[in-house]
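Architecture and fold: a report
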Amino acid sequence: MMGHSISDGFGNKELDAASLPSSQGQRENPHSIYKVGFPPRRNFFREFKDTLKETLFADDPLHPYKDQTRSRKLILGLQFIFPILEWGRDYNFSKLKGDIIAGLTIASLCIPQDIGYAKLANMDPQYGLYSSFVPPLVYAVMGSSRDMAIGPVAVVSLLLGTLLQNEFDPVTEKEEYIRLAFTATFFCGITQAALGFFRLGFLIEFLSHAAIVGFMGGAAITIALQQLKGFLGIKNFTKNSDIISVMKSVWGSASHGWNWQTILIGSTFLAFLLCAKYIGKKKRRLFWVPAIAPLISVVLSTFFVYITHAEKHGVQIVKHIEKGINTSSVNKIYLTGSYATKGFRIGLVAGMVALTEAIAIGRTFAAAKDYQLDGNKEMVALGTMNVIGSMTSCYVATGSFSRSAVNSMTGCQTAVSNMVMSAVVLLTLELITPLFKYTPNAILASIIISAVVGLIDYEAAFLIWKVDRLDFVACMGAFLGVIFVSVEIGLLIAVSISLAKILLQVTRPRTALLGNLPRTSIYRNIEQYPEATKVPGVLIVRVDSAIYFTNSNYVKERILRWLRDEEEQLEAKQLPRIDFLIVDMSPVTDIDTSGVHAFEDLHKSLQKRSVQLVLANPGPIVIDKLHLAKFTELIGHDMIFLTVGAAVMTCVPKAREDV
């Protein structure tokens, strides 16, 4: 007897084929072939419940609560919302030591970056520092990533600044601009928390890896180009972010708007920062060099400007950073009216980008250190963090890859490193901000340029080109959209191409002609295996997708086209005609009513040609629906087989003998 089991997917076909003893054994005992089984019928509510569970609760978050007492369930619930209650029980001095070192290191990196990123968002420098004080504290309590460092990031800052200045001028309408920024941050947090609470985190997966690579690369170039204003000392600079407008503004100011002292400061420290980054990359044990290089650059350049009074020679400086911790901004958030609507729209876009970056960072480090990260829980934590941040004068914060990498490499053990960073930022706001008065804008531009260089992942783009050209189109579409139009258009292109690719794959699934591998009962794609031979009188087609209303007609037409082409070739060679068309259903995971109707139409078309339709290895869901639609009775139960080999052996034994 042949001990087969019904296979739902393509991956198990090798096992099924390998379990066949031999073609000779099959011919000797043809009646021992197993038939396709019908799964037990489930009621509608049970099926709906299981589908809903797999869609929204695929990670089975309620499993730990099973068979627990009420008090234990309460404790587990609190630990789920506040992970600090779980890992805090095992916290010790050894972990604290690693977290303090990591926290101090990322603080030295984040302070100069925050000042620069705030300017990128067209906001005063203190708002960048505010956003690295409150949000990291909230995340340390609610977040589950041990390595992610929280604060403003370049891409989100640029996106927020671009969208906000379309509504208000950051100079002449400064108060309204700031209020809209807080409103956008509030709705950003609401969106993120809602996605996590309702278990809709899978929605961010619609932005493909290729689109993200292109978007991030384009955003990095756009950010670097925006920094030419501070790097070259240009006073009158375009508000547009596209490369053409920026280059016109740069070259238009070349004769009278560039300041050589500013260029000297910027280029000198940019070279220093890039060298530090190169050293840290080449020698892993010197990872701390690029981490403290930005702060060293700020200290040295500020001291240089102060003693030389370079600001009197056209070198633009920060001038003033407001001293003190975050003030309440609850009353500044628009909750009604047209500005609330605008804030929601901006917050939605910024929130999705921030989520995509944060979840990618969290998963990267969780995989590297072998611990689990609940994406939906992270979304709730990030959303709550931004809601609270919007009420304490912060703008959108998320996970920073550069700071998270430094945080991980310096030996962080828990999210306490974020608390240490917040404490340092607090001391900076209370005591040190006046010292930044003479910090040149050129050094902030250099810090941002050196930070965003790493976002241009040309190696990933080249790999995408080699592996999948359609993915490369998505990558380049997002990249070119960002640098030639705007950040929001680039994001729209990235999402559109990603969705278009999904639709293309769903509406035009792959099909293949199968042939028999010599001296086996295995049937495989004849393009992949040229040595595979066709069975006389039989056409074997495999459908590599679920069959839904979006592709059912295409599948039917494609199968008929395979048949037409094969018959034309046979007629030209004066070979026997096709008597059987076997459809390998192994990869077909599901089928809807449109798919069933398409197969009924296919059966009618084949009958007119005197060709018998045969199905091989339909999965449990597929065979159940075909049975309920009485399609199995239409073609006959004896025309449905467990394997392609069994179908060929039973339907055309003479043809099988000749193979």
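All of these numbers come straight from a predicted model, not from anything done at the bench.

In the structure shown here, the tally under the stated rule is 13 aromatic pairs. Each ring, one from Phe-187 and one from Phe-344, has its centre 5.7 Å from the other, and the planes form 85°; the classification is edge-to-face. With Phe-187 in helix H10 (residues 174-197) and Phe-344 in helix H16 (residues 338-369), the pair connects residues that are 157 residues apart, well separated along the chain. The exposure class of Phe-187 is buried, given its relative accessible area of 14%. You can call Phe-344 partly exposed: its relative accessible area is 39%. Grouping aromatic residues by their ring pairs yields a cluster made of Tyr-127, Tyr-130 and Phe-182. When the ring centre of Trp-465 is taken as reference, the NZ or CZ atom of Arg-469 above it lies at 3.8 Å.

Now for the pairing of strand S3 (residues 511-516). Of all 6 residues that make up S3, 6 are buried, and the element is covered over most of its length. Side chains of S3 alternate between two faces, with Thr-511, Leu-513 and Gly-515 and Ala-512, Leu-514 and Asn-516 buried alike. As paired strands, S3 and strand S5 (residues 538-543) are joined by 3 bridges and run antiparallel to one another. From the neighbouring strand, Thr-511 faces S5, where its bridge partner is Val-543. Note: S3 against strand S4 (residues 523-525), 3 bridges, orientation antiparallel. Bridge assignment links Gly-515 to a residue of S4, and that residue is Arg-524. Count of turn residues in the S3/S4 antiparallel hairpin: 6 residues, of which Arg-519 carries a positive phi of about 65°.

Moving on to unusual backbone geometry. A positive phi is found at Arg-519, a non-glycine position, where the angle reads about 65°. With respect to the helices, strands and loops of the structure, Arg-519 is situated in the loop between S3 and S4. Positive phi, normally seen in glycine, also occurs at Lys-630, with a value near 65°. On the secondary structure map, Lys-630 appears in the loop between helix H26 (620-628) and helix H27 (631-635). Classification of Lys-630 by relative accessible area gives exposed; the value is 52%.

Below, the discussion takes up the UniProt feature "domain: STAS" (unreviewed entry) in the chain. Those places that UniProt annotates as "domain: STAS" (unreviewed entry) correspond, in this numbering, to residues 528-651. The span residues 528-651 is 48% helix and 15% strand, and its two end C-alpha atoms sit 26 Å from each other.

All right, on to the packing of helix H8 (residues 134-142) against helix H19 (residues 416-432) then. Between H8 and H19, whose axes approach to 8 Å, the crossing angle comes to 160°. Taken together, the axes of H8 and H19 are roughly antiparallel relative to one another. Taken as a pair, H8 and H19 cross one another with a handedness that is left-handed. Note on element contacts: H19 touches H8 through Asn-418, Met-419, Met-421 and Ser-422, opposite Pro-136, Leu-137, Tyr-139, Ala-140 and Val-141. Looking at the contact of H8 with H19 residue by residue, the classes come out as 7 nonpolar, 2 polar and no charged.

On the surface, a nonpolar cluster with roughly 490 Å² of combined accessible area is contributed by Phe-202, Leu-203, Phe-206, Val-495, Leu-499, Ile-502 and Val-506. Structurally, Phe-202 is set in the loop between H10 and helix H11 (209-226). Here Phe-202 falls in the partly exposed class, since its relative accessible area comes to 37%.

What follows deals with the nonpolar core. Among the nonpolar cores identified, the biggest contains 103 residues, and Met-123, Leu-160, Phe-215 and Ile-223 are the most heavily contacted of them. Sequence-distant contacts of Phe-215, defined by excluding residues within four places in its chain, comprise Val-155, Val-353, Ala-478, Phe-479, Val-482, Val-487, Gly-490 and Leu-491. By size, the runner-up hydrophobic cluster in this structure holds 49 residues, among which are Val-543, Ile-559, Leu-570 and Ile-591.

A full pass over the atoms with the stated rule returns 15 salt bridges. Here Lys-342 and Glu-167 are joined by a salt bridge, their closest N and O atoms 3.2 Å apart. One end of the pair, Lys-342, is in helix H16; the other, Glu-167, is in the loop between helix H9 (154-165) and H10, with 175 residues separating them in the sequence. Here Glu-167 falls in the partly exposed class, since its relative accessible area comes to 22%. Note that Arg-577 is salt-bridged to Asp-579, the shortest N-O span being 3.0 Å.

So, on to helix H22 (residues 469-484). Taking 1.5 Å as the rise per residue, H22 with 16 residues should run 22 Å; its terminal C-alpha atoms sit 22 Å apart, in good agreement. Among the residues of H22, those classed as buried are Asp-471, Phe-472, Ala-474, Cys-475, Gly-477, Ala-478, Phe-479, Gly-481, Val-482 and Ile-483. Between a side-chain oxygen at the N-terminus of H22 and the backbone nitrogen of Leu-470 the separation is 3.0 Å; the capping residue is Asp-468.

A few words on the pairing of S5. Taken across its 6 residues, S5 has 6 buried, putting it largely inside the fold. Burial along S5 is two-sided: the residues Val-538, Ile-540 and Arg-542 and Leu-539, Val-541 and Val-543 are all buried. In the sheet, S5 pairs with strand S6 (residues 580-584) via 5 bridges, with the strands oriented parallel. Following the sheet pairing, Val-541 is matched in S6 by Val-583. Handedness of the crossover joining S5 and S6 through helix H24 (residues 552-573): right-handed.

This paragraph deals with the sheet that holds S4. Taken in spatial order, the 6 strands make up an open sheet running S4-S3-S5-S6-S7-S8, and their pairing is mixed. The open sheet is flanked by S4 and strand S8 (640-641), the only strands paired with a single partner. Strand contacts of H24: S3, S5 and S6, with the helix running at about 150° to S5, the strand carrying the most contacts. Sitting on the sheet, helix H25 (residues 593-608) is in contact with S6 and strand S7 (612-616), with an inclination near 140° to S7.

Let's shift gears to the side chain of His-603. Topologically, His-603 is positioned in helix H25. Relative accessible area serves as the criterion here: at 5%, His-603 is assigned to the buried category. Residues in contact with His-603, not counting those within four places in the same chain, are Leu-613, Phe-631, Leu-634 and Ile-635.

A few words now on the state of the cysteines. Scanning all chains against the criterion turns up 0 disulfides. Between Cys-412, a cysteine without a disulfide, and Cys-110, which holds the nearest cysteine sulfur, the sulfur-to-sulfur distance is 14 Å.

Attention now moves to the side chain of Ser-586. Summarising the element assignment, Ser-586 is placed in the loop between S6 and H25. The buried category is assigned to Ser-586, whose relative accessible area is 2%. One polar contact links Ser-586 to Asp-584, side chain to side chain, over a distance of 2.8 Å.

The rules we used
Think of each chain on its own: its residues are numbered from 1, step by step along the sequence as written. Confidence filtering applies because this is a predicted model: local features only for residues at pLDDT of at least 70, side-chain atom pairs given and counted only at 80 or more, and all residues used for totals across whole chains, interfaces and linings. The side-chain numbers reported here are obtained from all heavy atoms of the structure, hydrogens and water having been left aside. A pair of aromatic rings is counted whenever rings of Phe, Tyr or Trp (Trp by its six-membered ring) have centres within 6.5 Å, and the orientation is called stacked for planes under 30 degrees apart, edge-to-face for over 60 and tilted otherwise. Under the DSSP-based scheme used, a helix requires at least four consecutive residues in state H or I and a strand at least two consecutive residues in state E, with every element numbered from the N terminus. Accessibility here uses a 1.4 Å probe with only protein chains present; expressed as a share of the type maximum, an area under 20% marks a residue as buried, one over 50% as exposed, and anything in between as partly exposed. We count a charge as sitting over a ring when the NZ of a lysine or the CZ of an arginine lies within 6 Å of the ring centre and within 35 degrees of the ring normal. Pairing between two strands is assigned when DSSP locates at least 2 bridges connecting them. UniProt positions are given in the numbering used here, feature names are shortened, and annotations may be inferred rather than shown by experiment. Comment: axis = line fitted to C-alpha atoms, over the contacting stretch for helices; angle = value between 0 and 180 degrees taken between N-to-C directions. Orientation categories follow fixed angle ranges, with anything under 35 degrees roughly parallel, anything over 145 roughly antiparallel, 65 to 115 roughly perpendicular, and all other angles oblique. Working rule for handedness: look at the near helix, and if it is turned counterclockwise from the far one by less than a right angle, call the crossing left-handed; if clockwise, right-handed. When checking whether two residues touch, look at their non-hydrogen atoms; a contact exists if any pair is within 4.5 Å. For this classification, the nonpolar set comprises Ala, Val, Leu, Ile, Met, Phe, Trp, Tyr, Cys and Pro, the charged set comprises Asp, Glu, Lys and Arg, and every other residue, Gly included, is treated as polar. Within this analysis, patches are made of residues with over 30% relative accessible area and no salt bridge. Like charges are joined at 9 Å or less; nonpolar side chains (Val, Leu, Ile, Met, Phe, Trp, Tyr) at 5 Å or less. What sets the accessible areas is the Shrake-Rupley method with a 1.4 Å probe; for residues, cover comes only from the shown protein chains. Salt-bridge detection follows one rule: a side-chain nitrogen of Lys or Arg within 4 Å of a carboxyl oxygen of Asp or Glu. Joining through side-chain atoms within 4.5 Å is the link that ties buried Ala, Val, Leu, Ile, Met, Phe, Trp, Tyr and Cys residues into a set, and such a set is a nonpolar core. In a helix, the anticipated span is given by 1.5 Å times the number of residues less one. Under this definition, polar contacts are N or O atom pairs within 3.5 Å; protein pairs additionally need one hydrogen-donor-capable and one acceptor-capable atom, and for neighbouring residues in sequence, both atoms have to be side-chain atoms. Whether a crossover is right-handed comes down to one check: with the strands pointing away from the viewer, does the path from the first strand over the helix to the second run clockwise; if it does, it is right-handed. Cysteine sulfurs are considered disulfide-paired once they come within 2.5 Å of each other.

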